[in-house]
Amino acid sequence: MSDEVKVLDEELENVSGGAGSWKKYAKGTYVNNGTSIIYTVAAGDVLSGIAIRFGVTVAEIQAWNNIKDANVIRANQKLTIFARTLR
């Protein structure tokens with residue numbers, strides 16, 4: 001991906017309004033389709049953690065997946081994400 005951005009985990013720990021480290025709040029697996037990924041939500045995941053992991057915003061994930069309430073996702077749910085960062 002040409003827009004891929006490298007960010008150190010240490011830089012994410014104090015993200016304002018974010019979940020902190022993506023490793024704690026985005027444990028799911030994903031499949032890279034080239035232009036997008038399909039992310040499988042794991043128990044304990046939150047959208048802000050997933051967003052940090054892939055360098056996108058919560059609003060983008062909501063729009064791409066028709067999610068009305070950012071606080072409501074479920075384990076094993078599949079999300080399409082147009083990632084800028086892959087971790």
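Our subject is the structure listed above.
As a starting point, this report considers the structure included with it. This one's a predicted model, so the numbers in the text were calculated from it and none came from an experiment. (Residues numbered from 1 in each chain as written. Predicted model: local features only at pLDDT ≥ 70, side-chain atom pairs only at ≥ 80, totals over all residues. Heavy atoms only, no water.)

1. Remarks on the overall build of the protein
Okay, so step 1: A count of helices and strands for the protein gives four helices and three strands.
Okay, so step 2: Helices and strands appear in the protein in the N-to-C order α-α-β-β-α-α-β.
Okay, so step 3: Pairs at least 24 apart in sequence give 55% of the contacts found in the protein among residues at least 6 apart.
Okay, so step 4: Accessible area of the protein: about 5,100 Å², with a carbon and sulfur share of 51%. (Helix = DSSP H or I, 4+ residues; strand = E, 2+ residues; numbered from the N terminus. Contact = heavy atoms within 4.5 Å. Areas by Shrake-Rupley, 256 points an atom, 1.4 Å probe, with all protein chains shown as cover.)

2. So, the packing of aromatic side chains
Okay, so step 1: Under the counting rule described, the total for this entry stands at three aromatic pairs.
Okay, so step 2: Ring geometry for Tyr39 and Phe54: centres 5.6 Å apart, planes at 75°, overall edge-to-face. Placement of the pair is Tyr39 in strand E2 (residues 37-40) and Phe54 in helix H3 (residues 47-54), with a sequence separation of 15 residues. The pair Tyr39 / Phe54 is uniform in exposure class, with both members buried.
Okay, so step 3: Between the aromatic rings of Trp64 and Phe82, the centroid separation amounts to 5.1 Å while the plane-to-plane angle is 75°, which identifies the pairing as edge-to-face. Placement of Trp64 in helix H4 (residues 58-65) and of Phe82 in the segment after strand E3 (78-81) is noted, with a sequence separation of 18 residues between them.
Okay, so step 4: Relative accessible area serves as the criterion here: at 30%, Trp64 is assigned to the partly exposed category.
Okay, so step 5: Aromatic ring contacts, followed pair by pair, group Tyr30, Tyr39 and Phe54 into a single cluster. (Phe/Tyr/Trp six-rings, centres within 6.5 Å; stacked < 30°, edge-to-face > 60°. Buried < 20%, exposed > 50% of the residue type's maximum accessible area, 1.4 Å probe, protein only.)

3. A closer look at unusual backbone geometry
Okay, so step 1: Despite not being glycine, Asn66 shows a phi value in the positive range, around 50°.
Okay, so step 2: By secondary structure assignment, the location of Asn66 is in the loop between H4 and E3.

4. Focus: the pattern of salt bridges
Okay, so step 1: In this structure the tally under the stated criterion is one salt bridge.
Okay, so step 2: In this structure, Arg84 engages Glu60 in a salt bridge whose closest nitrogen and oxygen atoms are separated by 2.6 Å. Taken as a pair, Arg84 in the segment after E3 and Glu60 in helix H4 lie far apart in primary sequence, 24 residues in all.
Okay, so step 3: With a relative accessible area of 22%, Glu60 lands in the partly exposed category. (Salt bridge = Lys/Arg side-chain N within 4 Å of Asp/Glu carboxyl O.)

5. Focus: the packing of H3 against H4
Okay, so step 1: The N-to-C vectors of H3 and H4 enclose an angle of 100°; their axes lie 8 Å apart at closest approach. By the angle class used here, H3 and H4 are roughly perpendicular. Here Leu47, Ser48, Ile50 and Ala51 of H3 lie close against H4, whose contacting residues are Val58, Ile61 and Gln62.
Okay, so step 2: Across the contact of H3 with H4, the residue classes break down as five nonpolar, two polar and no charged. (Axes fitted to C-alpha atoms, helices over the stretch in contact; angles between N-to-C directions. Parallel < 35°, antiparallel > 145°, perpendicular 65-115°, else oblique. Nonpolar A, V, L, I, M, F, W, Y, C, P; charged D, E, K, R; others polar.)

Interpretation note: all reported values are geometric properties and have no functional meaning in isolation.
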